[in-house]
Amino acid sequence: MYKTILEDARTEEEIKKSRFISHIKKVKTEEDALDFIRAIKEKHRDATHNCWAYHLGKKGLIQRYDDDGEPQKTAGVPILEVIKNKKITDVCIVVTRYFGGTLLGSGGLIRAYAGGANAVIEEAKIVDMCPYFKVKLQYDYSQHGSLEYFFKTKEIPLDPPLYTDKVQLRALVEEERWDWFSDQLNNLTAGGVEFLEKTPLDLAVRNNKVIYKNKSYQRSVY
């Protein structure tokens, strides 16, 4: 499990007449991060500074930053440190500054860039990325009632069933609960369930709700 953000976000703050505009994006590769940085720089090409940092990988082994002309370690490093302190990864933040005529000093700059990073992360919403299996099941119609009741009471996220000569559906199951899940289904059907597919994927979990296909489901009850 690791933490990242739910969605891209933008925030803005004025500090002593300087505008600080913060953007955050969920990224998977350095190429993604650099493309995002280039896009923000192009959008704000008339800005005084476009300072950035990114942090990639489940273990956070890839991390880069740039002060873009601000005094050394007063912009990129504070942004990166906020990302690391929040324990999130696979994110890139660009904080754009339009200078307002008043110098902030090193301490003021560090607070401004760190504050911008913190605000945009909060706006983007931190989520836990948890390992799941997306499982395709098949079983006889005679077993549908008991399994439907099981899925409902355990609040297991499902795609709509497909009715052919048998019932087929897809369910989301936490990786760590897989043994329990498969045992329950086999017990309920005397081994009558066929597991046709079992695909691993990471899903966002926030406030005990699983987010899948832009919908949220209560985390399953076990």
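Remember, predicted model here, so these are calculated numbers, not experimental data.

## Some words on the pattern of salt bridges
Then, in step 1: Under the definition given, this model contains 21 salt bridges.
Then, in step 2: The closest approach of N and O atoms between Glu 194 and Lys 166, which form a salt bridge, is 3.1 Å. Taken as a pair, Glu 194 in strand S10 (residues 194–206) and Lys 166 in the loop between strand S8 (162–163) and strand S9 (167–174) lie far apart in primary sequence, 28 residues in all.
Then, in step 3: Among the charged side chains, a salt-bridge network with shared partners connects Glu 174, Glu 176, Arg 177 and Arg 219.

## Here's the deal with the side chain of His 49
Then, in step 1: Considering the arrangement of structural elements, one finds His 49 in strand S4 (residues 49–56).
Then, in step 2: A distance of 2.8 Å separates a polar side-chain atom of His 49 from the backbone oxygen of Asp 68.
Then, in step 3: What His 49 contacts, discounting residues up to four positions off in sequence, is Asp 68, Gly 69, Glu 70, Val 95, Thr 96, Arg 97 and Tyr 113.

## Overview of the packing of aromatic side chains
For any pair of aromatic rings, geometry is given as the distance between the ring centres together with the angle between the planes.
Then, in step 1: Scanning the entire structure with this criterion turns up ten aromatic pairs.
Then, in step 2: Centre to centre, the rings of Trp 178 and Phe 195 are 5.3 Å apart; their planes meet at 70 degrees, and the pair counts as edge-to-face. On the criterion of sequence distance, the pair formed by Trp 178 in helix H5 (residues 178–189) and Phe 195 in strand S10 is long-range, its members being 17 residues apart.
Then, in step 3: On the accessibility criterion, Trp 178 (13% relative accessible area) is buried.
Then, in step 4: One residue, Arg 19, lies across the ring of Tyr 98, its end atom 5.0 Å from the ring centre.
Then, in step 5: Cation over ring: Lys 198 sits above Phe 133, and NZ or CZ is 4.4 Å from the ring centre.

## With respect to helix H4 (residues 144–153)
Then, in step 1: Within the span of H4, buried status applies to His 144, Leu 147, Phe 150 and Phe 151. When H4 is viewed along its axis, its buried side chains cluster within an angular range of 130 degrees and face the same direction. Facing away from the buried side of H4, by more than 90 degrees, are the exposed residues Tyr 149 and Lys 152.
Then, in step 2: Looking at the packing, one finds that the buried side of H4 touches strand S7 (126–139), S8, S9 and H5.
Then, in step 3: Looking at the residues trailing H4, positive phi occurs at Glu 155, about 55 degrees.

Reading the values: rules and limits
Residues numbered from 1 in each chain as written. Predicted model: local features only at pLDDT ≥ 70, side-chain atom pairs only at ≥ 80, totals over all residues. Heavy atoms only, no water. Salt bridge = Lys/Arg side-chain N within 4 Å of Asp/Glu carboxyl O. Helix = DSSP H or I, 4+ residues; strand = E, 2+ residues; numbered from the N terminus. Polar contact = N/O pair within 3.5 Å; in protein donor to acceptor, adjacent residues only side chain to side chain. Contact = heavy atoms within 4.5 Å. Phe/Tyr/Trp six-rings, centres within 6.5 Å; stacked < 30°, edge-to-face > 60°. Buried < 20%, exposed > 50% of the residue type's maximum accessible area, 1.4 Å probe, protein only. Lys NZ or Arg CZ within 6 Å of the ring centre and 35° of its normal. Arc of directions from axis to C-beta.

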